Amino acid sequence: MKVYLVARQKMVDGALEVFLPKATVKPKTIHKAMRYSIFAGGKRLRPILCLAASECCGGELEVAIPLACAVECIHTYSLIHDDLPCMDNDDLRRGVPTSHKVFGEAVAVLAGDALLTFAFELAAKVPGWPRYHLRDVIRELAVASGSRHLIAGQVVDLESEGKKVSVPLLRFIHESKTAALLSSSIRLGAMSANATPAQLKNLSDFGRSLGLAFQVIDDILDVTQTSETLGKSAGKDVTAEKATYPSIVGLERSRGIARRLTNESHAALKPFGRKAEILHGLADHLLAREY
Ligand code: GRG
């Protein structure tokens, strides 16, 4: 899995390098800032899942790669904005100073905006497929990153700071803030392979459970790992009085929930048989990850 992940990271990085406007394009500041955050060293999990879902449905990597890069651009935008002083106010991301620390707040906001917009430019590169037209692809990205998912999660997360949060509300935050984009990454990979409706449904189920498991694990790592290992400020959730699985149900129960969700994600892959080997491996890898 390690070798596979490094190879896929390289592939995604190479494609992003080609797709993103060069740092010499005017105005240089914004393109430098976009590239700074994109190439700061993310794990590329969303694009890797997109590519793996495509392959699981018999698709080709070159066809899926613009969508894989599009989800990474949206993800990176969300990190830049999440780190802003008006949001989580963080100094460290992907092991380096956050965008606003390097470029100032105005350029960081604009770099996030530009990456979000660029994601749709990338998505417009795909031709569409017999079962999924370009408008379905655009809608998938727009809905996942809009006010009913990614932004919904962020809003409720911010509004919940310092308050007592129920488990269903916490689940809503995590499903919106994290699982929606992760799940869409997988769905987009499947769409690019012209997946059958049954395949798309099974991969959507996989993505939902995996996405929620991913955020539960992220919550656990925030209290069990160092900032150095994570490449972002550890213990931030406790300081900001964030609603997290460990703070609400405890560390041990959180680990149990992450395991159960991962098992559910494996179960959703059953109809694919051996074609889903990589996706099974990725689910196990995410459960065992330490950063
Ligand atoms: C619109 C102003 C404005 C802000 C939007 C939507 C949003 C801000 C923030 C999204 C919330 C967010 C950052 C969720 C956390 C998801 C998460 C666990 C991120 C870390 O993902 P990894 O571990 O990171 O895959 P790398 O760096 O490896 O890509």
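Scoring rules and cut-offs
Residues numbered from 1 in each chain as written. Predicted model: local features only at pLDDT ≥ 70, side-chain atom pairs only at ≥ 80, totals over all residues. Heavy atoms only, no water. Helix = DSSP H or I, 4+ residues; strand = E, 2+ residues; numbered from the N terminus. Expected span 1.5 Å × (residues − 1). Buried < 20%, exposed > 50% of the residue type's maximum accessible area, 1.4 Å probe, protein only. Contact = heavy atoms within 4.5 Å. Patch = residues over 30% accessible without salt bridge, like charges linked within 9 Å, V, L, I, M, F, W, Y side chains within 5 Å. Areas by Shrake-Rupley, 256 points an atom, 1.4 Å probe, with all protein chains shown as cover. Salt bridge = Lys/Arg side-chain N within 4 Å of Asp/Glu carboxyl O. Near = heavy atom within 4 Å. Polar contact = N/O pair within 3.5 Å; in protein donor to acceptor, adjacent residues only side chain to side chain. Phe/Tyr/Trp six-rings, centres within 6.5 Å; stacked < 30°, edge-to-face > 60°. Lys NZ or Arg CZ within 6 Å of the ring centre and 35° of its normal. Core = buried A, V, L, I, M, F, W, Y, C linked by side-chain atoms within 4.5 Å. Axes fitted to C-alpha atoms, helices over the stretch in contact; angles between N-to-C directions. Parallel < 35°, antiparallel > 145°, perpendicular 65-115°, else oblique. Left-handed = near helix turned anticlockwise from the far one by under 90°. Nonpolar A, V, L, I, M, F, W, Y, C, P; charged D, E, K, R; others polar.

1. Re helix α14 (residues 251-268)
- Here α14 is 18 residues long and its end C-alpha atoms lie 26 Å apart, about the 26 Å a rise of 1.5 Å per residue gives.
- Every buried residue of α14 is accounted for by Ser254, Ile257, Ala258, Leu261, Thr262, Ser265, His266 and Ala268.
- For α14, the secondary structure elements touched by its buried residues are α10 (197-224), α13 (245-249) and α15 (277-288).

2. What about a nonpolar patch on the surface?
- Where nonpolar side chains cluster on the molecular surface, the patch consists of Val223, Val238 and Leu251 and spans about 230 Å² of accessible area.
- Classification of valine 223 by relative accessible area gives partly exposed; the value is 42%.

3. Brief notes about helix α1 (residues 2-19)
- When the terminal C-alpha atoms of α1 are compared, their 26 Å separation across 18 residues agrees well with the 26 Å that a helix rising 1.5 Å per residue should span.
- Along its buried surface, α1 packs onto α2 (28-38), α3 (45-56), α4 (61-82) and α15.

4. Brief notes about the environment of isoleucine 248
- Following the sequence through the fold, isoleucine 248 ends up in helix α13.
- A relative accessible area of 30% means that isoleucine 248 is categorised as partly exposed.
- Separated by 82 residues in the primary sequence, isoleucine 248 and serine 166 place their C-alpha atoms 8.0 Å from one another.
- For isoleucine 248, the contacting residues outside a window of four places in its chain are Val165, Val167, Leu170 and Ala243.

5. A closer look at the site of the ligand
- Taken together, 19 residues surround the ligand, and among them Lys43, Arg46, His75, Met87 and Arg94 come closest.
- A distance of 2.8 Å separates an oxygen atom of the ligand from a polar side-chain atom of arginine 46.
- The leading source of residues in the shell around the ligand is α4, at 6 residues.

6. Examining the pattern of salt bridges
- All chains considered together, the criterion is met by 23 salt bridges.
- A salt bridge links glutamate 72 to arginine 44, with the shortest nitrogen-to-oxygen separation between them at 2.8 Å. A residue pair is termed long-range when its members are at least 10 positions apart, and glutamate 72 in helix α4 and arginine 44 in the loop between α2 and α3 qualify at 28 residues. The residues glutamate 72 and arginine 44 share a single accessibility class, namely buried.
- Here arginine 139 ties to aspartate 136 by a salt bridge, and the two come within 3.3 Å at their closest N and O atoms. Separated by 3 residues within a single helix, arginine 139 and aspartate 136 lie in helix α7 (residues 134-145), roughly one turn from each other.
- A relative accessible area of 45% means that arginine 139 is categorised as partly exposed.

7. With respect to the packing of aromatic side chains
- This model, assessed by the stated rule, comprises 1 aromatic pair.
- Measuring from centroid to centroid gives 5.4 Å for tyrosine 36 and phenylalanine 103, while their planes differ by 75°, and the two rings are edge-to-face. Taken together, the positions of tyrosine 36 in helix α2 and phenylalanine 103 in helix α5 (residues 99-103) put the pair 67 residues apart, joining distant regions of the chain.
- By relative accessible area, which is 22% here, phenylalanine 103 ends up partly exposed.
- One cation-aromatic arrangement involves arginine 289 over phenylalanine 214; the distance from NZ or CZ to the ring centre is 4.0 Å.

8. Description of the nonpolar core
- Residues Leu203, Phe206 and Leu279 are the most contacted members of the largest nonpolar core, which totals 68 residues.
- Top element by residues in this core is α4. It accounts for 12 residues.
- Excluding its chain neighbours within four sequence positions, the residues that come into contact with leucine 203 are Ala53, Cys57, Ile186, Ala190, Leu269, Phe272 and Leu279.
- Membership of the second largest hydrophobic core comes to 15 residues, among which are Leu212, Val216, Leu221 and Ile257.

9. Focus: the packing of helix α8 (residues 150-160) against helix α9 (residues 167-192)
- It is at 7 Å that the axes of α8 and α9 come closest, and there the two elements cross at 140°. The orientation of α8 with respect to α9, classified from their angle, is oblique. Seen along the crossing, α8 lies across α9 with a hand that is left-handed. Two secondary-structure elements touch here, α8 through Leu150, Ala152, Gly153, Gln154, Val156, Asp157 and Ser160 and α9 through Leu169, Phe172, Ile173, Ser176 and Lys177.
- In terms of residue class, the contact of α8 with α9 is built from 6 nonpolar, 4 polar and 2 charged.

10. Looking at the environment of threonine 29
- Among the secondary structure elements, threonine 29 is positioned in helix α2.
- Taking relative accessible area as the criterion, threonine 29 reaches 42% and is therefore assigned partly exposed.

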